[in-house]
Amino acid sequence: MELIVELEAVRKVYDSALTPALDGVSLEIAAGESVAVMGPSGSGKSTLLNLVAGLDRATAGRVRVAGEELGHLNETRRARLRRHSVGLIFQFFNLIDNLTALENVAVAAELGGSTRADSIRNAKDLLERLGLSEQLKSFPARLSGGQRQRVAVARALVNDPPLLLADEPTGALDTYSGEQVLDLLRDLNRAGRTLILITHDPSLARTCTSRQIQLNDGRVAVDSIAATVAVR
Amino acid sequence: MTAVLTKAVADVRRRRLQTGVIFLVTTLSVLAATMALSLLVESNAPYDHAFNQAHGPHLVMIFDGTRATEAQIAATTRATGVTEAIGPLPTTNAQIEFTRQRGQKGPAAALRINANIVGRAGPDLAVDRLTLYAGRWATTSSEVVLSDLLAKGMDTSVGDTIRIIDVAGSPSLTVVGIAASISRVADAWVMPAAVSSLTPVVQKSGRVAPPQTRWMVEYRVADANDANAIATVSRAISGGLPSGSVVGSISWLDSRKSADLTAAVMVPFLVAFSALGLLAAAFVISNVVAGVVIADRRQMGIMKSIGFTPAQVGSVLVAQVLIPVAIGSVVGIPLGTLVSEPFLNETAQALGLPTVFTDATLVYGSVVGLVLVITLAASIWPSIKAGRMSAVSAIAVGTGPSSSRGAGTIARLSRLPLRPPLRLGVAALAARPVRAVMSGVAVLIGVATVVFAVGLTLSLHMVASSLSRDQQVQVDVQTAPDRSGPPLSALISTTPGTSRFVAEGRGQATVPGIPSPIPYYGYDGSSAWIGYAMISGRWFDAPGEVVAPSHLLDVTGLKIGQSFTATFGGESEQLTLVGEIFDQTNDDLLLRGSWSDVSRLDPTATIDEYEIQLRPGTDARAYASTLQSAGGPSVSARPVSSFSAEAAFLLIEGVLSGLALVLAGIAAAGVFNTVVLGTRERRREIAILKAIGMDPSQVVLMVVSSVAAIGFVAAVVAVPLGLVMHHQILTSMAEIATNTRVPASFYSVLGPTQLAGLTIAGVAIATAGAWLPAQWAAAERVSAPLQAE
C-alpha cells in the first residue's frame, strides 16, 4: 500500500495560543483513499490541512506528503511540491479577482511549468469539462458560488496532482451547487486521486468518503479505519 | 471628540507599520524641505546676512605710519559719518614662506607669497568679528592665525610653521588658528606687538631705512548702502590727515557685489532642487495619506454602524494621519537642520563668507505649514468621501470578490509574453492606477534629480578644469620685465620635468564697440595646447588671428570669421576672430593671439609669463621651487591649482549629492509605502498564489516587478527631463556668472552608457523601496487570509 500522507506525532502550537492546535496527531493515508477530517470549530481541521499542504510548519513531529518530508523542505521546495502534488480547494474559493476564470486556472498551470499556450489550452479543456465553457472570460465577481468553486476545482486539477485537499468546499454554496461539487470530487476520487475533505458535517463526510477522522481539541478522537480494524 | 481621539490613537497604536511608513516618509520629506528651504534662504543675500552677523566694516583704510602719527589716525575714528570703528591696527606686508610639512607627499619644496599681516588682539572686536574655524587666537609673538583662504590655498593647518623671509633672521611663526574675516583684507593675524618685528626693512639707495609702518582702521558708517556717502566719509577721514597718508581703502559695496554674483550663480540650481524636494515630498505624503484613507474604508463602515457621524469618521482618518505626520515633522526639522549645517557652512566658505545666518523661524514655519497643508489637502477629500459612503458599502469593501478594477487594462497586461510572476506584477499596476502614477512621479523626481546632479557635477568639473587649466598647464611663471641673467625660456627648457611651455605677454588694444583698451594676450610659440575650451570656431594658429570670450562677442557684435581693426597708441592691425573661448579672465573682455601681433600693436608690452606643461610624474611644487631658486628673486613660479576654481563648485557638488541622495531616498520611501499598502491589499491574492505553488522568490519577483515597471517608465521620462534641467541650469549659471556661453562639450557629459545606467537607477530606486515589503510578503503565513471570508 503506497502512502501519500503520513503524520507522525504532529504538534502545532501557534505563537499567540495557550493550547496546541494539534497535539500528537499520527495518521497514514494511502494513495487513492477518500478521507474526511471532521470536528467542531477549533478542533484543528484546518491546521491539519495547512500542514499537509505545506502552507504551515509543524511545531513538532513529522509530516510526509508524496514521499517528501515537509520538515526538511524550504519554502521554495514546498511551493514546488504544492504545484505538482497537491490540489487545494477552499471554502471561499480563493480565486484571484482580477483574473478571468480561464486565467485563474491557467496561471496555476504556468506555475506548474507549462508553457503559456499549453496552460491556456489545458485550462480551457478543464473548464469546459466542468461545464464552464460560457464563463471562460468571466471575472469571479460575475460567477455564481457554484461556478466559482468549479473554477477552483479546475485550478486544483490543472497540474494533475495525486492529492486533493478540500476545505469545506460546499460551505459557501447552496444545496444544489454543493451537490454538484461533491459529485465532482467523488468522481475525481474514483478516478484515482486521493481526497482529503475537511468538513464539520458528518453526513456529508459519510456520503463522500470512505474514511472519517474525527478531531477534538487537536487530537484524533476517532478514525473510522482504525475503529473498523479494532472491531474486526 | 473623545471618541474620535480614542479611535485615532488606537489606530495609530494598532497599525504600527502604517504609522511607521507615514512617519518615515514625513521625516524624510521634512528633512529635504528643511534643507532645501535653508539653502534657499541662505542663498538670499548671504553676504548681507554674514556681514550683519560679523558686524562688518563698511570701509577699511590703510594708512602710512611714516606720514601720519598713530594719534592722528586714531582721531579718524571720530570723523563725520563714522558710527563705529576699530583701530588703528598695525599692519605689514611681508613675504611668507610655506614649506611642505608633515603628512604631505613628495620632496620638500618651499613656496613664497606676499601677505597682509595684521596685528589684532583677538577675534571678537567691536567691528569685523572673525570666525575662528580651527585652533585659537595668537597669544605670543611667535604665533600666527592664518586666513582660511590662505591656509587652504597653501595646504597649511594648525600646528604648521611658516617663515617671514624678508625680515632679518627670517623668524618662524607657529600657526595656532585658522580664521575668516568678512572684510578679507588680512591674510594673517598676529599679536599687535609682534607686527613691528615682522615688518621688512626697506632698502633705500643702499641705506637701511626704518621698518615701514602701516596702520589699518575698519569703519562702520551711517549711510552704508550709498556709495557716495561712503566716499564722503572716506574724504572726511583722509582730509584730517597729512597728504599721502592713505595707502588704500576698500568699500564693502565692492566685496558685496562680488559675493552676490557668486550667490546668484547658485540660486538657479538651489531653486531647482528646492522645488524638486518640495514636489517629491508633496507627492509622497499625498500618496501615503490617500493610500491610508482608501485602505481604511472597511473600518469606516464599522465606525458608522456603531454611531460615528460622517464628520467624526473623517476626523478619525485625518487625526490618525496627522499624529505620525506631526511626529515626523518634529524629528525631520532638527535632522534637516543638522544635515543642512555642513552645506550652509560650505556655502559660506564658497562665497568667501565667514559665518552663516539662516532665518530658522521662517524655514521651520514654512516647512511645518507646507507639510500640514499637503497632509490636509491629501486626506480631507478622501475622508469626506469616506464619511459620505454608506456603512454597508464601506463594510463590503474587502469582503467577497471585488469588482474587477482596471479589468480591461489587466486583461491587456496579462497577455504580455512574460512569466506569471512578472505578468501578475505588472498587471497589479492597473488595479491602483492613481497610486501607481503617484509612485511613478516620486521615482521620476528622484531619477531626474540624480540625472541632473550627476550631469551638473560632471559639467562643473569640466568648468573647473577648464578655468584652472591644470590638466594642461601645471606651473605658471611670472617674471619682472627688467629681469637680468640668462633667458628664462632657456632655463625652463633645461629644467628637468619640462614637457613644453609657451611664453606670454600682455599688451593692450582698442576694438570697435568697447571704448577703453582691453588686454591683448600674445603667445610666443605653439599655444593650442594650453587648454582654453572652445565654444565655437577654433584656436588661432597664425598671426592676424585671435580668439575671445563670449562677452567680447556680445559687446562688440563680432562674429566668428569676421575681421576687425584693433588699434592702440597710433598703431592699428587687422585681426580676424577665429574662435569663441570659455575664459573668465579680466571681466571676459580680452583678446588672445600671436605675440608678434601684440608686440607690433603695443610696443610697450613685454613677455612676463610662461605657462609650463610638465612631464607625467613630475612634482609641480618641487619643479616650481627649483625654477624659482634658479631664476632668482625676480621670478615667481607657482604650481597651478584647481583649488580656487573648484572651491565654489565644491559646495554645489556637496549640495547636489546631498539633495540627490535625499530625493532618491524619498522616492524609495514613496515606493516602500506603495508596496506596503499594495501587498497589504493583495494579501489574499498573494496567499492564493502561494497556495497554488508560487515560491517565495517568485513572490518577491512579482511584487518588485510591479514597481520596477513604474521605476522603468518613470526613469524613461525622467532622464530627458533631468538632461533638460541640467542644460537649462548650467546655461543660467554661466550667463549669470560671466555672461558666457558654455562649450557644447560641457553639456554632453553623459554618454549612452551612463544614460542607460541612470535609467536603471529608476528601477534601482523602485527595487530598493520594494525589496523589504516584498520579502515580508514572501515570508508571510498564508493560512489566515485563505480561510477568511
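Thresholds, definitions, all that
Residues numbered from 1 in each chain as written. Chains lettered and ligands numbered in written order. Predicted model: local features only at pLDDT ≥ 70, side-chain atom pairs only at ≥ 80, totals over all residues. Heavy atoms only, no water. Helix = DSSP H or I, 4+ residues; strand = E, 2+ residues; numbered from the N terminus. Buried < 20%, exposed > 50% of the residue type's maximum accessible area, 1.4 Å probe, protein only. Contact = heavy atoms within 4.5 Å. Areas by Shrake-Rupley, 256 points an atom, 1.4 Å probe, with all protein chains shown as cover. Pairing = 2+ DSSP bridges. Axes fitted to C-alpha atoms, helices over the stretch in contact; angles between N-to-C directions. Salt bridge = Lys/Arg side-chain N within 4 Å of Asp/Glu carboxyl O. Core = buried A, V, L, I, M, F, W, Y, C linked by side-chain atoms within 4.5 Å. Patch = residues over 30% accessible without salt bridge, like charges linked within 9 Å, V, L, I, M, F, W, Y side chains within 5 Å. Lys, Arg positive; Asp, Glu negative; His and termini not counted. Charge placed at Lys NZ, Arg CZ, Asp CG, Glu CD. Parallel < 35°, antiparallel > 145°, perpendicular 65-115°, else oblique. Left-handed = near helix turned anticlockwise from the far one by under 90°. Nonpolar A, V, L, I, M, F, W, Y, C, P; charged D, E, K, R; others polar. Phe/Tyr/Trp six-rings, centres within 6.5 Å; stacked < 30°, edge-to-face > 60°. Lys NZ or Arg CZ within 6 Å of the ring centre and 35° of its normal. Polar contact = N/O pair within 3.5 Å; in protein donor to acceptor, adjacent residues only side chain to side chain.

Participant: What is the right way to read the overall build of chain B from this model?
Facilitator: Broken down by element type, chain B carries 24 helices and 22 strands. For chain B, with 789 residues in total, the buried portion stands at 54%. Considering only contacts within chain B whose residues lie at least 6 apart along the sequence, 81% involve residues at least 24 apart. In the structure as shown, chain B presents an accessible area of about 31,900 Å², 60% of it carried by carbon and sulfur atoms.

Participant: I tried to follow the sheet that holds strand S2 (residues 22-30) of chain A on my own but got confused; where do I start?
Facilitator: By way of backbone hydrogen bonds, the strands of a sheet pair with one another, either parallel or antiparallel. Residues and elements named next belong to chain A. Taken together, the 4 strands give an open sheet; going across it, the order is S2-S1-S4-S5, and neighbouring strands pair in antiparallel fashion. The open sheet is flanked by S2 and strand S5 (68-69), the only strands paired with a single partner. Contacting strand S1 (3-12), S2 and strand S4 (60-65), helix H1 (residues 45-52) crosses the sheet at an angle of about 125° to S1.

Participant: Explain the pattern of salt bridges to me, please; I cannot follow it from the model alone.
Facilitator: If the charged atoms of two oppositely charged side chains come close together, the side chains can form a pair. All names here are of chain A. The tally for this structure, following the rule as stated, stands at 36 salt bridges over all chains. Between Asp-183 and Arg-186 there is a salt bridge, and its shortest N-O distance comes to 2.5 Å. Of this pair, Asp-183 and Arg-186 are both found in helix H6 (residues 175-190), 3 residues apart, which corresponds to roughly one turn of the helix. Linked through salt bridges whose partners overlap, the residues forming this network are Glu-8, Arg-62 and Glu-69.

Participant: Got a minute to help me understand the side chain of Ser-147 of chain B in this structure?
Facilitator: Among the structural elements, Ser-147 of chain B can be located in strand S5 (residues 143-147). Taking the relative accessible area as the measure of exposure, Ser-147 of chain B reaches 4% and is therefore buried.

Participant: When you look at the pairing of strand S6 (residues 161-164) of chain B in this model, what are you seeing that I'm missing?
Facilitator: All names here are of chain B. Only one face of S6 is buried: it carries Ile-162 and Ile-164, and the other face, with Thr-161 and Arg-163, is open. The sheet contact formed by strand S2 (residues 82-99) and S6 spans 3 bridges and is antiparallel. When the bridges of S6 are listed, Ile-96 appears paired with Ile-164. Looking at chain direction, S6 and strand S7 (residues 172-180) are connected through 3 bridges and run antiparallel. Its bridge partner being in S7, Arg-163 is matched across the sheet by Ser-172.

Participant: Got a minute to help me understand the nonpolar core in this structure?
Facilitator: Generally speaking, nonpolar side chains in soluble globular proteins are found buried as a group. Counting 112 residues, the largest nonpolar core has Leu-7, Leu-88, Leu-127, Leu-163, Leu-165 and Leu-185 of chain A as the members making the most contacts within it. With 12 residues, the single largest contributor to this core is helix H21 (residues 696-738) of chain B. The contact partners of Leu-7 of chain A, leaving out residues within four places of it in the chain, are Val-25, Ser-26, Leu-27, Leu-48, Val-52, Arg-62 and Val-63 of chain A. Listed in part, the 56 residues of the second largest apolar core include Leu-31, Leu-39, Leu-276 and Ala-453 of chain B.

Participant: Please explain helix H20 (residues 683-691) of chain B as it appears in this structure.
Facilitator: Three- or four-residue spacings in an α-helix give side chains the same orientation, since the helix completes a turn every 3.6 residues. Where burial is concerned, most of H20 of chain B is hidden: 7 out of the 9 residues are buried. Backbone geometry just after H20 of chain B places Gly-693 of chain B at a positive phi near 115°.

Participant: Any chance you could explain a positive patch on the surface here in plain terms?
Facilitator: A cluster of basic residues, Lys-124 and Lys-137 of chain A together with Arg-412 and Arg-415 of chain B, forms a positive patch at the surface. Relative to the elements of secondary structure, Lys-124 of chain A occurs in helix H4 (residues 116-129).

Participant: Before we go on, may I ask you to explain the packing of helix H3 (residues 101-111) of chain A against H4 of chain A in this structure?
Facilitator: Any two packed helices are characterised by the angle at which their axes cross and by the distance between the axes. Residues and elements named next belong to chain A. Relative to each other, H3 and H4 sit at 125°, their axes nearing to 8 Å. In terms of axis orientation, H3 runs oblique to H4. Both H3 and H4 take part in a crossing whose hand is right-handed. Across from Ala-101, Leu-102, Val-105, Ala-106, Ala-109 and Glu-110 in H3, the residues of H4 making contact are Arg-116, Ser-119, Ile-120, Ala-123, Lys-124 and Leu-127. Broken down by class, the residue content of the contact of H3 with H4 amounts to 8 nonpolar, 1 polar and 3 charged.

Participant: Just to check I follow, could you spell out the packing of aromatic side chains for this structure?
Facilitator: Any pair of aromatic rings gets described here by the distance separating the centres and the angle formed by the planes. Residue and element names in this part refer to chain B. For the structure shown, the criterion picks out 9 aromatic pairs over all chains. Between Trp-137 and Trp-189, the ring centres sit 6.0 Å apart and the planes meet at 45°, which makes this aromatic pair tilted. Separated by 52 residues along the polypeptide, Trp-137 in the loop between strand S4 (131-135) and S5 and Trp-189 in strand S8 (residues 188-190) bring together distant segments of the chain. Exposure class is identical for Trp-137 and Trp-189. Each is buried. Centroid distance Phe-582 to Phe-746: 5.2 Å. Interplanar angle 80°. Geometry classified as edge-to-face. Placement of the pair is Phe-582 in strand S19 (residues 571-582) and Phe-746 in helix H22 (residues 744-747), with a sequence separation of 164 residues. The pair Phe-582 / Phe-746 is uniform in exposure class, with both members buried. Members of the aromatic cluster, joined through ring pairs, are Tyr-523, Tyr-532, Trp-539 and Phe-540. Over the ring of Tyr-521 we find Arg-592, and its NZ or CZ is 4.5 Å from the ring centre.

Participant: So what exactly am I meant to see when it comes to the environment of Arg-82 of chain A here?
Facilitator: If you trace the backbone, Arg-82 of chain A turns up in helix H2 (residues 75-85). For the pair Arg-82 of chain A and Ala-53 of chain A, spaced 29 residues apart in the sequence, the C-alpha separation amounts to 6.7 Å. Contact partners of Arg-82 of chain A, with chain neighbours within four places excluded, come to Ala-53, Gly-54, Leu-55 and Leu-88 of chain A together with Lys-690, Ala-691 and Gly-693 of chain B. Within polar-contact distance, the side chain of Arg-82 of chain A engages the backbone oxygen of Lys-690 of chain B at 2.8 Å.

Participant: How should I be thinking about the interface of chain B and chain A in this particular structure?
Facilitator: Frequently, the measure chosen for interface size is the accessible area that the parts lose on association. Of the residues lining the interface, 36 residues belong to chain B; the matching set on chain A comes to 33 residues. On the surface where chain B and chain A come into contact, there are 4 salt bridges. The closest approach of N and O atoms between Asp-695 of chain B and Arg-83 of chain A, which form a salt bridge, is 3.1 Å. Applying the counting rule to chain B against chain A returns 9 residue pairs in polar contact (both at pLDDT 80 or more). Those elements that place two or more of their residues in the side of chain B that touches chain A are helix H12 (407-413), helix H13 (420-431), H20, H21 and helix H24 (783-787) of chain B. The leading source of residues in the side of chain B that touches chain A is H20 of chain B, at 6 residues. Among the residues forming the side of chain B that touches chain A, the class breakdown is 17 nonpolar, 9 polar and 10 charged.

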